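What the coordinates show
Each chain is listed here by its residues.
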Amino acid sequence: MTPWQIMQTLRFKGTRDPFFANVGYLLHFDDIANPQAWPDVRGNVWSRVTNPTLIWLEVSSEQTKFGGGALRMKTATGTSSDFTLVASPIGGNYSLGTGNKFTLEGWMWWTGNIDSRPTWGMVLSNVGTEIIGIVMWTANQISFRTSLNGATRDDLVNPPLNQWVHMAVSYDGTTKYWFVNGVLAGSAVVTAGAAQTVQQYTVRGASSGGNPPYAYMDDLRFTFGICRYTANFSVPTEAFPNS
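Quick look at the structure, then. (Residues numbered from 1 in each chain as written. Predicted model: local features only at pLDDT ≥ 70, side-chain atom pairs only at ≥ 80, totals over all residues. Heavy atoms only, no water.)

1. Re the pairing of strand β11 (residues 151-157)
The cut-off we apply is this: At least two bridges found by DSSP between two strands is the condition for calling them paired. Note on conventions: DSSP H or I runs of at least 4 residues are helices, E runs of at least 2 residues are strands, and numbering of each starts at the N terminus.
Relative to β11, strand β10 (residues 142-148) runs antiparallel, the two sharing 7 bridges. Bridge pairing links isoleucine 142 to valine 157 in β11. If you look at the hairpin formed by β10 and β11, you'll find 2 residues sitting between the two strands, and asparagine 149 has a positive phi there, around 55 degrees.

Here it is, written out as structure tokens:
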């Protein structure tokens, strides 16, 4: 069976994630008591590296998908700033492996306002520190960005606004797939090239100034070496498993 078929068979049967060993990071953002802490199920230590004294990127209970909280990205009135969390992978840099297979997914609540710009993904050290990620592009647009074999692709969608939306991008070694709420939004043949090296995980918000609305992110997961989705799938009805 393919990874996608296994996931569909096991997803709603209370079974542990069969690919948990390949999970690079898993963030639930549920620690409301410590809004400036971001526990990672995989043990990666996250820290703020841009504007470290500001509180505009923190766990909040205002909008939650699963559990008690979500990461709130609050705009900073009157300023233009980046708010970035990063973590170095446990054990140091590592290869995505033959074919550069991966799956990046998570939940997002966004108003479409460019004053609140959510991004999550990872940074690759051997393609000029380009990011593979799910990135706010312009007003009401999200890009599924990949940098493989020295070429960067930005594949754009217009996600539903003012509601929780599951976003996912996966790659099986030859084809890139991107999904909105479990529905295949597009695919493209992409040459894998040499194995890419992951040097950093990143979650980022950017503000162009102005007042709220906010953006929120919840249950972010990156899986390396596994393409979980190649066709329409049922989105999770509970938080990603911790084992």
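Back to the write-up after that little detour.
2. Some points on the side chain of aspartate 155
Short version of the rule: Burial status follows relative accessibility: with a 1.4 Å probe on protein chains alone, a residue under 20% of its type maximum counts as buried, one over 50% as exposed, and anything between as partly exposed. Residues adjacent in sequence count toward polar contacts only when both atoms are side-chain atoms; beyond that, a polar contact is any pair of N or O atoms within 3.5 Å, and within protein one must be able to donate a hydrogen and the other to accept it.
Along the chain, aspartate 155 falls in strand β11. Residue class for aspartate 155 comes out buried when judged on its relative accessible area of 8%. Polar contacts involving the side chain of aspartate 155 include one to the side chain of arginine 153, which spans 2.6 Å. In terms of polar contacts, aspartate 155 uses its side chain to reach the side chain of lysine 176, at 2.6 Å.

3. So, the nonpolar core
Let me state the cut-off plainly: Side-chain atoms within 4.5 Å link the members of a nonpolar core, which is a set of buried Ala, Val, Leu, Ile, Met, Phe, Trp, Tyr and Cys residues. Residue contacts are counted whenever heavy atoms from the two residues lie within 4.5 Å of one another.
By size, the foremost hydrophobic cluster in this structure holds 43 residues, and its most contacted members are Tyr25, Trp46, Trp120, Met167, Tyr201, Val203 and Phe222. For methionine 167, the contacting residues outside a window of four places in its chain are Leu104, Glu105, Gly106, Met108, Trp120, Ile134, Ile142, Phe144, Val157, Pro159, Phe179 and Val180. The next biggest cluster of nonpolar side chains, apart from the first, holds 7 residues, and it includes Ala70, Trp109, Tyr214 and Tyr216.

4. Quick word on the packing of aromatic side chains
Defined as follows: For this analysis, a ring pair means two rings from Phe, Tyr or Trp (six-membered ring only for Trp) whose centres lie within 6.5 Å, classed as stacked if their planes differ by under 30 degrees, edge-to-face if by over 60, and tilted for the remaining angles. Over a ring means this: the NZ of a Lys or the CZ of an Arg is within 6 Å of the ring centre and within 35 degrees of the ring normal.
Taken as a whole and assessed by the stated rule, the structure comprises 12 aromatic pairs. Plain terms: the ring middles of tyrosine 25 and phenylalanine 222 are 6.0 Å apart, the flat faces sit at 35 degrees to each other, and that makes the pair tilted. Separated by 197 residues along the polypeptide, tyrosine 25 in strand β1 (residues 23-27) and phenylalanine 222 in strand β16 (residues 215-224) bring together distant segments of the chain. The buried category is assigned to phenylalanine 222, whose relative accessible area is 0%. Feature note: the residues Tyr25, Trp46, Tyr201 and Phe222 constitute an aromatic cluster, connected by ring pairs. The ring centre of phenylalanine 20 lies 4.5 Å from the NZ or CZ of arginine 42, which sits over that ring.

5. Structural notes on unusual backbone geometry
The backbone of phenylalanine 29 sits at a positive phi, close to 55 degrees, despite the residue not being glycine. One non-glycine residue, asparagine 181, lies in positive phi territory at about 55 degrees. Here asparagine 181 shows up in the loop between β13 (175-180) and β14 (183-189). Assessed through its relative accessible area of 28%, asparagine 181 is described here as partly exposed.

6. Quick notes on the pairing of strand β12 (residues 164-171)
Counting buried positions along β12 yields 8 of 8 residues, so the element is predominantly enclosed. Where burial is concerned, the two faces of β12 agree: the one with Trp164, His166, Ala168 and Ser170 and the one with Val165, Met167, Val169 and Tyr171 are both buried. One ladder, built from 8 bridges, connects strand β7 (residues 102-109) with β12; its direction is antiparallel. When the sheet's bridge partners are listed, tryptophan 107 is paired in β12 with histidine 166.

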